[in-house]
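Now for the letters of each chain:
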Amino acid sequence: MAHEILFNPIEMGSQTFKNRIVMAPLTRLRAIEPGDVPSIWAAEYYAQRSGAGLIITEATQVSFQAKGYAGAPGLHTQDQKVAWKVITDAVHAKGGKIVVQLWHTGLVAHKSVQPDSQPPISASDVKVKNRTSLRDSDGQAIRVDVTPPRPATVQEIEQVIKDFAHATELAREAGFDGVEIHGAHGYLLHQFWAQHTNQRSDEYGGSRDNRARLMLAVIDACVQAWDAHHIGIRISPWGSFNGVDASYETEDNLWLIDQINQRGLMYLHISEPDWAGGKPYTDEFRQQIRDTFNHTIIAAGGYSVDKAERNIKAGYIDAVAFGRDYIATPDLAERIAADIPFNEQHPESFYGGGSAGYTDYPLMD
């Protein structure tokens, strides 16, 4: 077998995973509207990729208010839970494991996908230069400017925390192997953490303790709804995502990682910035993260197989999440093992549409 280090089993939380190849969360915008129910093709799509040690689903909203993109699925209604159960059963039948990534998009939204067409919430009313996706008459994704946000009230913040906990409960009932909290890429939890978008003067703004309060409260609520062994989180230190400037302060980032570490989660998923044109991590920073976090670290961000092997061998990380390569190559893990090239990607079908560009990429046999 080629690249054996990637195929060593790994312990995460209370579970064993068959290899260190992770399917990254990949927005595909094919959910059925209204209702934000996963599409009829989603079970086949995820089951095709069950060779991964772990599948992380596309970002999935925890409420109708959490929605920012037309076509993104949710996990907060019974209909959505039933549809996700079909997907988890299909993945498990193929020997795979799957967690659901839960998000609230915050200011990365358009009022047309918000309840009562209200402006989306954020930490503050800071406007960012960014776009989101709606649908045209053919169901294809079209890009539009986001609607300027309004500051969330304390009551709305408390509801967000409850919504993450409720979605975690539904994830467990739907048969998922865990939950990943989306704290990265300029979405709501990141908007509270980033000084750029958090201009609040209450208990959710100002100091780093206050700016991290929402993210840490969401973690604690999800742990209470399930347990720490089934909860992971994705963060994106350094870089700029969705018009939100991430923190470049090493001390602040390591402080936040230490706060997460103290909660004993299933894993920490680090999204590195160079896939989006940001400054690559130094090995010194990778080692500082490793020294701060005592549990499983998954890394993502335009990784090649060689880079994955290098950073696992160096001890910086434990597993690697592959993104766009997994869109085009459903049997990516199997091809890595056999040292067979990946399929060509077709970006024009990444977002929206039907089964074309979704479930019809060829397998190596």
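Heads up: the structure comes first, above all this text.
Predicted model only: the values in this text are computed from it and were never measured. Each residue is numbered by its place in its chain's sequence as written, counting from 1. Whole-chain, interface and lining totals are the exception, using all residues; otherwise, since this is a predicted model, local features are given only for residues with pLDDT of at least 70 and side-chain atom pairs are given and counted only at 80 or more. With hydrogens and water excluded, all non-hydrogen atoms of the structure serve as input to the side-chain values.

(A) How the structure looks around the packing of aromatic side chains. Under the pairing criterion, centres of Phe, Tyr and Trp rings, with the six-membered ring standing for Trp, must be within 6.5 Å; the plane angle then separates stacked pairs below 30 degrees from edge-to-face pairs above 60, leaving the rest tilted. A complete count under the given rule lists 14 aromatic pairs for this structure. Measuring from ring centre to ring centre gives 4.8 Å for tyrosine 45 and tyrosine 46, while their planes differ by 70°; the resulting arrangement is edge-to-face. One exposure class covers both tyrosine 45 and tyrosine 46, and it is buried. Aromatic pair tyrosine 69 and tryptophan 103: ring centres 5.4 Å apart, planes at 15°, arrangement stacked. With tyrosine 69 in the loop between strand S5 (60-61) and helix H2 (78-93) and tryptophan 103 in strand S6 (residues 98-103), this residue pair connects regions lying 34 residues apart in the sequence. Classification of tyrosine 69 by relative accessible area gives buried; the value is 7%. Two conditions define a charge located above a ring, namely a distance within 6 Å from the ring centre to NZ of Lys or CZ of Arg, and an angle within 35 degrees of the ring normal. The cationic tip of lysine 279 hangs over the ring face of tryptophan 238; the distance from NZ or CZ to the ring centre is 5.2 Å. Summary of the burial criterion: residues with accessible area below 20% of their type's maximum are buried, those above 50% are exposed, and those between are partly exposed, where the area comes from a 1.4 Å probe applied to protein chains only. The way it works is that DSSP assigns letters per residue, a run of H or I at least four long becomes a helix, a run of E at least two long becomes a strand, and they are numbered from the N terminus.

(B) Quick peek at the nonpolar core. With 86 residues, the main nonpolar core has Tyr46, Ile181, Leu214, Ile260 and Phe322 as its most contacted residues. Ignoring sequence-local partners within four residues, the contact set of isoleucine 181 consists of Leu102, Phe164, Leu189, Val218, Ile219, Cys222, Ile231, Gly232, Ile233 and Arg234. Residues enter a nonpolar core if they are buried and are Ala, Val, Leu, Ile, Met, Phe, Trp, Tyr or Cys, with the set joined through side-chain atoms within 4.5 Å. In this structure, Phe17, Val22, Leu54 and Val99 belong to the second largest nonpolar core, which totals 14 residues. When checking whether two residues touch, look at their non-hydrogen atoms; a contact exists if any pair is within 4.5 Å.

(C) Spotlight on the pairing of strand S9 (residues 141-145). With five bridges connecting them, strand S8 (residues 131-135) and S9 associate as antiparallel partners. Residue pairing for S9: leucine 134 is matched across the bridge by isoleucine 142. Here the rule is simple: two strands pair whenever DSSP picks up at least two bridges between them. The antiparallel hairpin formed by S8 and S9 contains five residues in its connecting segment, where glycine 139 sits at a positive phi of about 80°.

(D) Spatial organisation of unusual backbone geometry. Between glutamate 33 and proline 34 the backbone carries a cis peptide bond, its omega angle lying at -5°. Looking at the secondary structure, you find proline 34 in the loop between strand S3 (21-23) and helix H1 (42-48). Its identity as a non-glycine residue notwithstanding, aspartate 339 has a phi of 60°, on the positive side. Inspection of the secondary structure puts aspartate 339 in the segment after helix H11 (332-338). Under the relative-accessibility criterion, aspartate 339 is labelled exposed at 55%.

(E) Spatial organisation of the environment of alanine 171. Tracing the backbone through its elements, the reader meets alanine 171 in helix H3 (residues 154-173). Separated by 138 residues in the primary sequence, alanine 171 and glutamate 309 place their C-alpha atoms 32 Å from one another. Among all residues touching alanine 171, those that are not within four sequence positions of it are Leu75, Val100, Phe176, Val179 and Trp226.

(F) Summary view of the pattern of salt bridges. We define a salt bridge as a side-chain nitrogen of Lys or Arg found within 4 Å of a carboxyl oxygen belonging to Asp or Glu. Counted according to the given criterion, the structure contains 18 salt bridges. Across the pair lysine 67 and glutamate 33 runs a salt bridge, and its minimum N-O distance is 2.5 Å. On the criterion of sequence distance, the pair formed by lysine 67 in the loop between S5 and H2 and glutamate 33 in the loop between S3 and H1 is long-range, its members being 34 residues apart. On the accessibility criterion, lysine 67 (7% relative accessible area) is buried. Residue class for glutamate 33 comes out partly exposed when judged on its relative accessible area of 31%. Aspartate 145 is the salt-bridge partner of arginine 131, the closest N and O atoms lying 3.4 Å from each other. Here arginine 131, found in strand S8, pairs with aspartate 145, found in strand S9; they are 14 residues apart in sequence, far enough to count as distant. Linked through salt bridges whose partners overlap, the residues forming this network are Glu272, Asp274, Asp283, Arg286, Lys307 and Arg310.

Taken by themselves, the reported measurements are silent on function.
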